[in-house]
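Working through the structure, step by step
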Amino acid sequence: MGKLVADIIVETLQSAGVKHCYGVVGDTLNLIARSLEKSEIEWISMRHEEAGAFAAQAEAQVADRLTAVAGSCGPGSLHFINGIFEANRNRAPVILIASQIIRDELGFEFIQEVDFKQVYRDCSVFCDMIHTPEQARRKTVIACQTALAKRGVAVLIVPADISASVVDDNIPYAVHVAKPVTRPNDADLGEIADILNSSENLVLYGGSGCQGAHQEILAVADKLKAPIAHTSRAKDFLEFDNPYNIGMTGMLGNEAGYHALLDCDALLMLGADFAWRQFYPDKAKIVQVDIDPTHLGRRHPIKKGVVGDVKATLEALLPKLVERTDASFRSAYVKRYAKYREAEQAKVAAGHDGSIPGSYLTQVINRHAAKDALFAADDGTPAAWAYRHIEANGRRRIFASLLHGTMANGMPSSIGLQKAEPGRQVVCMAGDGGISMLFGDLMTVVQQELPIKIAVYDNGKLGFVEIEQKAEGMLDTFTKLKNPNFAGVARARSLGPDRFERGPAGDRGQGLAGATRARASARARQPDAARHAAVHAGRTCNRDGALFCSRDPARPRWRRLGDGEGEFPLVEVAFPQRQCGTPHCMRVAKHCRHGSIEIAEIAGAIGFAHGKVFCRCRGRTRRSSADSRLVLAGPAGQISRPAGQHRRGDHPHRIRAQMAGEGRP
Ligand SMILES: Cc1ncc(C[n+]2csc(CCOP(=O)(O)OP(=O)(O)O)c2C)c(N)n1
Ligand SMILES: [Mg+2]
């Protein structure tokens, strides 16, 4: 007896392990929707397909299983695009059922016709149409299998007349996924061992490929007396229970990780494909282990590259390594990391005037979140705070858009995380820009009755962009946001308790106290109807948001300019050693000879401290020239920076290290 193709497709998805399908129904998808309804796959009605793709990729990552999204023809299946890019870059096994107009009309600009093969080619590991009813099962199988085996998105284009066809279906095509253990051959391992054994100071540098290899990495670090630095994506896998950890490198990282990489003689890169080239060492011999052969040496020249799973490779490599006794290099960086963490910790404080610094709010969230919580952070400062202030413990996971770098990923990803792990706490750290971009799917949270905790980092701006602009020497441009009262939004959307109030202005800490109360009350009520906690963070700040000036050279007092949000300035900046000749001038750089500096500021707290300093001079914004000699007057005192050292790509931690009193010229 024949079978409906829509049923064949859904049956195949189910046998490939799909538990949830996220999307919006309509026209060409309706038959498949009916098949889904009869199946064990749960349909999640989204308000925007992009949010559905974010949710699916989060579920696919945390549960490590194929997850589906499906859309109607034309705009319906087009809307997924940004989330599909996110999924594919995160190597999340996701299948998009892109329903299509009937075959007979394809190629004639029929209403809602979109060539999905063109659209999705660059963000998928499989993208093809079911051309005949007879190939339905085989093509769905190969789509699922490719998504799982190549780890990425499979786009299966299904014309409506195909899903409505009935076909004999007696050939047992089925999804096969092999999980081989891959490791380099013995000769390659011997070569790696020779490089490492003959080099003096070694550093291990781990990326997301280190998942599941904690024990082996520590064993190698122990034997080689090497510190372990890591990328942000590897934080979940390497930060915990690791006495050799020296933290992240990169924009979100710290000076210990950064300098260790620069100072070592040999670097063992493990499953890391970190994109920013300026963070790689020039003098060290780099040995790279990666499961993807195309990653070898693509960021920076390497001495030796091998293909393998990190765990299996290190297991085989360990016996070939010579045990060391001198751990002084490692100790120096481990101490430096501890010092950095202590200093960072000391800076975190509640805000003033009811404001709540993002760092402080994140530390509160970190303290109160469950030990196995799942965090989803929006691209923007929430992701930066998450990676800096949420502590990994081997059970928690942080999800952010680190490869695609898209806004609005946080809340929709939380939906997928909560659907995948209904018993775990899911915390969304949302930007005010991010959450309002896909506001509609707050209703999915309500409709699905998901107990997600949402903290809105309401700084009234596209804060991360403002920092970027400062780093480029610009004043903030088009970054302001006129926001609704997010507490009101939460209430209006029946998101939960009605207690989300911003603390009264001037009442120090009230905003956070209110937020914490809200959280506590939401918790107390669980598992009652009101299970959602949307924490209104009040105005957060990034710590480099403070503006300073000193108008009188005779009395060089710094004062905070209006609108300074920071409780604790990271840096106060001036161009030193030159007077521009006007009474209201502080010591300024040579190119500001005409007038008074009104503002001098530096962007830096979260990593864009390229040293671009700008000032306002008679109403015109000027930028420091590359050879300006800067003085960073931080809490540690006046520290000058040698001329010519400030350049784009300069590392923030070098600056911070100097602030902390190190490297003073
Ligand atoms: C879809 C998309 N649009 C624009 C950007 C550029 N961008 C990156 S972060 C950011 C600001 C995010 O603002 P918000 O969510 O309020 O977080 P904040 O940085 O203020 O904490 C923007 C516009 C992006 N990454 N993705
Ligand atoms: Mg914002």
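Residues numbered from 1 in each chain as written. Chains lettered and ligands numbered in written order. Predicted model: local features only at pLDDT ≥ 70, side-chain atom pairs only at ≥ 80, totals over all residues.

Quick notes on the sheet that holds strand S9 (residues 202-206)
Let me state the cut-off plainly: Pairing between strands is defined by DSSP: at least two bridges between them are needed. To qualify as a helix, a DSSP run of H or I must reach at least 4 residues; to qualify as a strand, a run of E must reach at least 2; elements of each kind are numbered from the N terminus. Inter-axis angles, ranging from 0 to 180 degrees, are taken between N-to-C directions of lines fitted to C-alpha atoms, where helices are fitted over the stretch in contact. Each residue is represented by a C-beta atom placed from its backbone, and any two residues with such atoms within 7 Å are regarded as in contact.
Across the sheet, six strands lie side by side as S11-S10-S9-S12-S13-S14; this open sheet has parallel pairing. Each of the sheet's edge strands pairs with one partner strand only, and the pair in question is strand S11 (245-248) and strand S14 (304-307). Adjacent strand axes in the sheet meet at a mean angle of 20°, parallel and antiparallel pairs treated alike. Sheet analysis places strand S12 (residues 266-270) next to strand S13 (residues 285-290), joined by five bridges and oriented parallel. Across the sheet, residue Leu 268 finds its bridge partner in S13, namely Val 287. Sheet strands in contact with helix H9 (residues 186-197) are S9, S12, S13 and S14, and its direction is about 140° off that of S14.

Thoughts on the nonpolar core
Quick note on the threshold: By our criterion, buried Ala, Val, Leu, Ile, Met, Phe, Trp, Tyr and Cys residues that link up through C-beta atoms within 7 Å make up a nonpolar core. Three exposure classes are used. Buried residues have 20 or more other C-beta atoms within 10 Å of their own C-beta, exposed residues have 12 or fewer, and partly exposed residues fall in between, all C-beta atoms being placed from the backbone. What counts as a domain boundary in this text is fixed by an automatic or database domain assignment.
Of all hydrophobic cores here, the largest spans 110 residues; its most connected members are Ile 95, Leu 96, Cys 144, Val 155, Leu 156 and Phe 375. Tallying contributions element by element places helix H3 (residues 49-63) first for this core, with eight residues. For this core, the two domains that each supply at least three residues are domain 1 (3-167) and domain 3 (348-527). Formed by 46 residues, the second largest nonpolar core is a distinct cluster that contains Ile 217, Leu 261, Val 306 and Val 310.

Brief notes about helix H10 (residues 214-224)
The following threshold applies: Directions drawn from the helix axis to the C-beta atoms are what define this arc.
Of the positions making up H10, those classed as buried are Glu 216, Ile 217, Val 220, Ala 221 and Leu 224. All buried residues of H10 project into a common sector of 135° when viewed along the axis, lining one side. Where H10 is buried, its residues touch H9, S9, strand S10 (228-230), helix H11 (235-238), S12 and helix H13 (310-317). The first or second residue beyond H10 is Lys 225, which carries a positive phi of 55°.

Quick look at the site of ligand 1
Under the convention used in this document: Put plainly, near means the residue's C-beta atom, positioned from the backbone, lies within 6 Å of the molecule or strand in question. All amino acids are sorted into three groups, where Ala, Val, Leu, Ile, Met, Phe, Trp, Tyr, Cys and Pro are nonpolar, Asp, Glu, Lys and Arg are charged, and the leftover types, Gly among them, are polar.
Contacts to ligand 1 come from 19 residues, most closely from Gly 380, Gly 431, Gly 433, Gly 463 and Phe 464. When contributions to the shell around ligand 1 are tallied by element, the ones reaching two or more residues are helix H16 (381-389), helix H18 (432-437) and helix H20 (463-471). Split by residue class, the shell around ligand 1 holds six nonpolar, nine polar and four charged.

Examining the environment of Ile 142
One can find Ile 142 in helix H7 (residues 136-150). Residue classification places Ile 142 among the partly exposed positions, given that 19 C-beta atoms sit within 10 Å. Here the alpha-carbon distance between Ile 142 and Ala 174, two residues 32 residues apart in the chain, equals 8.5 Å.

Quick notes on H3
As a reminder, the rule being used: Multiplying 1.5 Å by the residue count of a helix minus one yields the expected span of that helix.
The first and last C-alpha atoms of H3 sit 21 Å apart over 15 residues, in line with the 21 Å expected at 1.5 Å per residue. Within H3, 14 of the 15 residues are buried, which leaves the element mostly enclosed by the surrounding structure. Note on H3: the residue one or two positions beyond its end, Asp 64, has a positive phi of about 50°.

A closer look at the sheet that holds strand S4 (residues 67-71)
Here we have six strands laid out as an open sheet, ordered S3-S2-S4-S5-S7-S6, and parallel in their pairing. The two strands at the open ends of the sheet, each matched to only one other strand, are strand S3 (42-45) and strand S6 (126-129). The mean angle between the axes of side-by-side strands here comes to 20°, regardless of whether they run parallel or antiparallel. Strand direction decides the pairing type here: S4 and strand S5 (residues 94-100), joined by five bridges, are parallel. Looking at S5, one finds that Thr 67 is bridged to Val 94.

Brief notes about unusual backbone geometry
Despite not being glycine, Glu 109 has its phi angle at roughly 50°, a positive value. Structurally, the position occupied by Glu 109 is in the loop between S5 and helix H6 (116-120). Under the C-beta neighbour-count criterion, Glu 109 is labelled exposed, with 7 such atoms within 10 Å. A positive phi angle, close to 55°, is found at Arg 151, a residue other than glycine. Summarising the element assignment, Arg 151 is placed in the loop between H7 and strand S7 (153-159). Judged by C-beta crowding, with 18 C-beta atoms within 10 Å, Arg 151 ranks as partly exposed.

With respect to the pairing of S4
The element S4 is extensively covered by neighbouring structure, given that five of its five residues are classed as buried. Burial of S4 is two-sided: the residues Thr 67, Val 69 and Gly 71 facing one way and the residues Ala 68 and Ala 70 facing the other way are all buried. Strand direction decides the pairing type here: strand S2 (residues 20-23) and S4, joined by three bridges, are parallel. Across the sheet, residue Cys 21 finds its bridge partner in S4, namely Ala 68.

A closer look at the packing of H3 against helix H5 (residues 81-89)
For clarity, the cut-off: Note on angle classes: values under 35 degrees are labelled roughly parallel, values over 145 roughly antiparallel, values of 65 to 115 roughly perpendicular, and the remainder oblique. Should the near helix be turned anticlockwise from the far one by less than a right angle, the crossing is left-handed, and should it be turned clockwise, the crossing is right-handed.
Two numbers describe how H3 lies on H5: the axes approach to 7 Å, and their chain directions differ by 15°. Judged on the interaxial angle alone, H5 and H3 are roughly parallel. You can see that H3 and H5 cross each other, and the crossing is right-handed. Where H3 approaches H5, its residues Glu 50, Gly 52, Ala 53, Phe 54, Ala 56, Gln 57 and Ala 60 are matched on the opposing element by Asn 82, Gly 83, Ile 84, Glu 86 and Ala 87. Broken down by class, the residue content of the contact of H3 with H5 amounts to six nonpolar, four polar and two charged.

What to know about the confidence of the model for the protein
Filter applied, for reference: Each residue carries a pLDDT score, the predictor's own confidence in it, on a scale running from 0 to 100.
With 74% of its residues at a pLDDT of 70 or more, the protein has an overall mean of 79. Across residues 498-665, where pLDDT falls below 50, the model places 351 contacts with residues more than four positions away in sequence or in other chains.

Looking at the packing of H3 against helix H17 (residues 410-420)
Here H3 crosses H17 at 45°, and the two axes come no closer than 7 Å. By the criterion of interaxial angle, the relationship of H3 to H17 is oblique. Remark: the crossing between H3 and H17 carries right-handed chirality. Mapping the contact onto sequence places Ala 51, Phe 54, Ala 55, Ala 56, Gln 57, Ala 58, Glu 59, Val 62 and Ala 63 in H3 and Pro 412, Ser 413, Ile 415, Gly 416, Leu 417, Lys 419 and Ala 420 in H17. Each residue belonging to the contact of H3 with H17 can be placed in one class, and the counts come to 11 nonpolar, three polar and two charged.

A short note on the environment of Asp 432
In this structure, Asp 432 sits in helix H18. Exposure remark for Asp 432: the 25 C-beta atoms within 10 Å place this residue in the buried category. Taking the C-alpha atoms as reference points, Asp 432 and Lys 461, separated by 29 residues in sequence, lie 7.4 Å from one another. Excluding its chain neighbours within four sequence positions, the residues that come into contact with Asp 432 are Val 456, Tyr 457, Asp 458, Asn 459, Gly 460, Leu 481 and Asn 483.

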